[in-house]
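Chain and residue survey
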Amino acid sequence: MVDVQIVSRGIDDEATLNAFLSVPRHLFVEEALRGQAYNDYPLPIGEEQTISQPYIVALMTQSLNLMSGDRVLEIGTGSGYQTAILAEIAKEVFSVERIEELAKKADELLQRLGYNNVRIRVDDGTHGWMEQCPFDAIIVAAASPDIPGALIDQLRDGGRLVIPVGGRSSQELVRAMKKGHEIVRRNLGSCRFVKLIGEFGWMD
Ligand code: SAH
């Protein structure tokens, strides 16, 4: 998976690649789908949600330029796979998921795997996680009409954010960096994510 799907498409950040080699992706999908866990596409995880395609997880992770001391906010825990990748690299990961069942399952698995630098909470992540801000990096794993303002507010100066922005059926993956009062945006390419449902995302 790492060589054929990730390195070959230009991902070269060592911390990202090492994290991919460490996290057992098959444990984050249902037993019936384990044989497909390392394939080049997203898979259903229940509750009409999906675990993202490995390359997209790698692209988003690399674009955050994470350092080992970083505190990261993730919106959309889902299976917890991206959470584990982030937890391999950063110091602390705060992850928000709106569906309780998914949050519970991910939390149990991540604890079982020994990730004690992760905190998961059930909430509308379009509000961020005020009590824990500022964050060095923020990653949103669901598609939003625009970048929720609270997330920009909770990013530290110099912090990085990655989020799929656009319509319901296809989006642009946007990388934003906060520089004082300015937000420097760069498009990383088109993508297709499930909807970010919440006050500052899409309505249910
Ligand atoms: N990175 C995850 C992707 C999960 S899909 C993985 O690879 O498994 C996106 C997730 O975002 C879904 O679990 C969905 O329930 C969640 N989500 C959607 N809107 C949300 C919101 N406002 N706050 C928190 N989580 C949200």
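Below, the structure is looked at part by part.

Moving on to helix 5 (residues 100-112). Taking 1.5 Å per residue as the helical rise, helix 5 with its 13 residues ought to reach 18 Å, and the 18 Å between its terminal C-alpha atoms agrees with that figure. Regarding helix 5, the residues found buried are L102, A103, A106, L109 and L110. When helix 5 is viewed along its axis, its buried side chains cluster within an angular range of 140° and face the same direction. Along helix 5, the residues that are exposed and aim more than 90 degrees away from the buried face are E100, K105, Q111 and R112. Among the structural elements, strand 1 (43-46), strand 2 (49-51), helix 4 (81-89), strand 4 (92-97) and strand 5 (118-122) are those in contact with the buried residues of helix 5. Note on helix 5: the residue one or two positions beyond its end, G114, has a positive phi of about 90°.

Further remarks concern the packing of helix 3 (residues 54-63) against helix 4. Closest axis-to-axis distance for the helix 3/helix 4 pair is 11 Å, and the angle between their directions is 35°. In terms of crossing hand, the pair formed by helix 3 and helix 4 is right-handed. Residues V57, M60 and T61 of helix 3 lie in contact with helix 4, whose contacting residues are Y81, Q82, I85, L86 and I89. Looking at the contact of helix 3 with helix 4 residue by residue, the class counts come to 6 nonpolar, 2 polar and no charged.

Right, let's get into the site of the ligand. Neighbouring the ligand are 25 residues; S79, E97, D124, G125 and I197 lie closest to it. One of the backbone N or O atoms of S52 is found 3.2 Å from an oxygen atom in the ligand. Note that an oxygen atom of the ligand is positioned 2.6 Å from one of the side-chain N or O atoms of E97. Starting from 580 Å² of accessible surface for the ligand in isolation, the protein chains cover 99%. Breaking the shell around the ligand down by element, the ones donating at least two residues are strand 2 and strand 4. The residue makeup of the shell around the ligand, split by class, is 10 nonpolar, 10 polar and 5 charged.

Parameters at a glance
- Residues numbered from 1 in each chain as written.
- Predicted model: local features only at pLDDT ≥ 70, side-chain atom pairs only at ≥ 80, totals over all residues.
- Heavy atoms only, no water.
- Helix = DSSP H or I, 4+ residues; strand = E, 2+ residues; numbered from the N terminus.
- Expected span 1.5 Å × (residues − 1).
- Buried < 20%, exposed > 50% of the residue type's maximum accessible area, 1.4 Å probe, protein only.
- Arc of directions from axis to C-beta.
- Contact = heavy atoms within 4.5 Å.
- Axes fitted to C-alpha atoms, helices over the stretch in contact; angles between N-to-C directions.
- Left-handed = near helix turned anticlockwise from the far one by under 90°.
- Nonpolar A, V, L, I, M, F, W, Y, C, P; charged D, E, K, R; others polar.
- Near = heavy atom within 4 Å.
- Polar contact = N/O pair within 3.5 Å; in protein donor to acceptor, adjacent residues only side chain to side chain.
- Areas by Shrake-Rupley, 256 points an atom, 1.4 Å probe, with all protein chains shown as cover.

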